[in-house]
Amino acid sequence: MNPTPSTLIPETPEGVRINLLSGAAARSTRALSAPLSAEINAALSASPQGEVAVRAVDVSIPLLEKNDILAERNRGYFLGRGLAALNLVSSPGAGKTTLLERTLDEFGRQTRCAVLVGDLETDNDGRRLSRPHAPVAQITTGTVCHLDAAMIARAAESIDLDGVRVLFIENVGNLVCPASFDLGEQVRVVLLSTTEGEDKPLKYPPIFKSAHLVLLTKVDVADALGFKRDVAVENIRRIAPQARIIQLSSRSGEGLPEWYDFLRSLLPNS
Ligand SMILES: Nc1nc2c(ncn2[C@@H]2O[C@H](COP(=O)(O)OP(=O)(O)OP(=O)(O)O)[C@@H](O)[C@H]2O)c(=O)[nH]1
Ligand SMILES: [Mg+2]
């Protein structure tokens, strides 16, 4: 597929760039949602490092970090638009982009989807995902090892979300940093590939504990690698009993109908 011409949005002072691969918003200056309250705005501007204390009269509210406030704002915006937002996290190379490519080509033909994809450098993934029927923006984080809610707000404003029902956010490949950063997603999806070994949930528990869904990917090569699927599933269940598990392969197609059913179940009136 020929990549669509891209548009570069001006870099932030922190060096974060957004590169629109397809589906630019008609008005890129439109506000993401209602303005933040004066109290929160004042707290945010007084805390360049992101640590913000918000207190209501008579009630002690726990300290909220700047990211969490912005994530809640994103969540409200996504819910208000009736779109399901999924945050895909995994170690580098677990198969996030490959799964999204196939998902856009199959599920995305019936249900309009958009993608925001993060990497430290290059827009390779954004170009791989670029399709005429799906708005895609690449977020280049420079040195930052995870996406945050402010990056998502900015990127979401830049693409045309009209008619979009599912927003996929492909996080920077990293099994540690993204765990702490709520993006305002409805569903956190953690991918574990057969090439990584069965013990990763035990070694990196925070990210698995935060998952709603764990995808065991590249199961087509499990046998060749001597990867024990039952052991991996047991480890996931031990660390993340709350998470649903789907085993799949973007190459053979195994498990993809279950993944698409899961996506359908997120849509209102499904
Ligand atoms: N055998 C097999 N290989 C796969 C599968 N899915 C992805 N791959 C391969 O795994 C490699 C990495 O896939 P990507 O989709 O780029 O992984 P990623 O998680 O997006 O990587 P980063 O964005 O760099 O973190 C590529 O060579 C893919 O072809 C699969 O289901 N089976
Ligand atoms: Mg990728």
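Keep in mind it's a predicted model, so treat the numbers as computed, not measured. (Residues numbered from 1 in each chain as written. Chains lettered and ligands numbered in written order. Predicted model: local features only at pLDDT ≥ 70, side-chain atom pairs only at ≥ 80, totals over all residues.)

1. A few points about the site of ligand 1
Now for step 1: As a structural note, the neighbourhood of ligand 1 is formed by 17 residues, with Gly95, Lys96, Thr97, Thr98 and Gly173 the closest of them.
Now for step 2: Tallying contributions element by element places helix 3 (residues 96–105) first for the shell around ligand 1, with three residues.
Now for step 3: For the shell around ligand 1, the class distribution of residues is three nonpolar, nine polar and five charged. (Near = placed C-beta within 6 Å. Helix = DSSP H or I, 4+ residues; strand = E, 2+ residues; numbered from the N terminus. Nonpolar A, V, L, I, M, F, W, Y, C, P; charged D, E, K, R; others polar.)

2. Quick word on the packing of helix 2 (residues 66–80) against helix 6 (residues 149–158)
Now for step 1: Running from N to C, helix 2 and helix 6 point in directions that differ by 35 degrees, and their axes come no closer than 8 Å. The hand of the helix 2/helix 6 crossing is left-handed. Between helix 2 and helix 6, the residues in contact are Asn67, Leu70, Ala71 and Asn74 and Ala149, Ala150, Ile152 and Ala153, respectively.
Now for step 2: In the contact of helix 2 with helix 6, the residues fall into six nonpolar, two polar and no charged. (Axes fitted to C-alpha atoms, helices over the stretch in contact; angles between N-to-C directions. Left-handed = near helix turned anticlockwise from the far one by under 90°. Contact = placed C-beta atoms within 7 Å.)

3. Structural notes on the sheet that holds strand 8 (residues 166–170)
Now for step 1: Pairing is mixed in the open sheet, where nine strands are placed in the order 1-2-7-6-8-5-9-10-11. The open sheet has two edge strands with one neighbour each: strand 1 (7–9) and strand 11 (244–247). Strand-to-strand twist across the sheet, computed as the mean angle between neighbouring axes with direction ignored, equals 20 degrees.
Now for step 2: For strand 10 (residues 213–217) and strand 11, the ladder comprises four bridges, and the chain directions are parallel. Following the sheet pairing, leucine 216 is matched in strand 11 by glutamine 247.
Now for step 3: Seen against the sheet, helix 11 (residues 256–266) touches strand 5 (84–89), strand 8, strand 9 (187–193), strand 10 and strand 11 and runs at an angle of roughly 140 degrees to strand 11. (Pairing = 2+ DSSP bridges.)

4. Some words on helix 2
Now for step 1: Between its first and last C-alpha atoms helix 2 spans 21 Å; for 15 residues at 1.5 Å apiece the expected length is 21 Å, and the two agree.
Now for step 2: For helix 2, the set of buried residues is Ile69, Leu70, Ala71, Arg73, Asn74, Tyr77 and Phe78. (Expected span 1.5 Å × (residues − 1). Buried ≥ 20, exposed ≤ 12 C-beta atoms within 10 Å, placed from the backbone.)

5. Some words on the pairing of strand 2 (residues 17–22)
Now for step 1: Burial runs high along strand 2: five of the six residues are buried.
Now for step 2: With three bridges connecting them, strand 1 and strand 2 associate as antiparallel partners. Within strand 2, the residue paired with leucine 8 across the bridge is asparagine 19.

6. Thoughts on the environment of valine 233
Now for step 1: Within the fold, valine 233 resides in helix 10 (residues 229–239).
Now for step 2: Considered as a pair, valine 233 and proline 201 are 32 residues apart in the sequence and their alpha carbons are 9.5 Å apart.
Now for step 3: If near-sequence neighbours (up to four positions away) are discounted, valine 233 is found in contact with Leu216 and Ile245.

7. Considering the environment of glutamine 242
Now for step 1: With respect to the element layout, glutamine 242 can be found in the loop between helix 10 and strand 11.
Now for step 2: With 11 C-beta atoms packed within 10 Å, glutamine 242 lands in the exposed category.

8. Remarks on unusual backbone geometry
Now for step 1: Of note in the backbone geometry, threonine 122 takes a positive phi value of approximately 75 degrees without being a glycine.
Now for step 2: Within the secondary structure layout, threonine 122 lies in the loop between strand 6 (113–119) and helix 5 (124–129).
Now for step 3: Of note in this structure, lysine 218 is not a glycine but carries a positive phi near 60 degrees.
Now for step 4: Note on placement: lysine 218 falls in the loop between strand 10 and helix 9 (222–225).

9. Things to note about the environment of alanine 134
Now for step 1: On the secondary structure map, alanine 134 appears in the loop between helix 5 and strand 7 (136–140).
Now for step 2: Considered as a pair, alanine 134 and aspartate 160 are 26 residues apart in the sequence and their alpha carbons are 9.2 Å apart.

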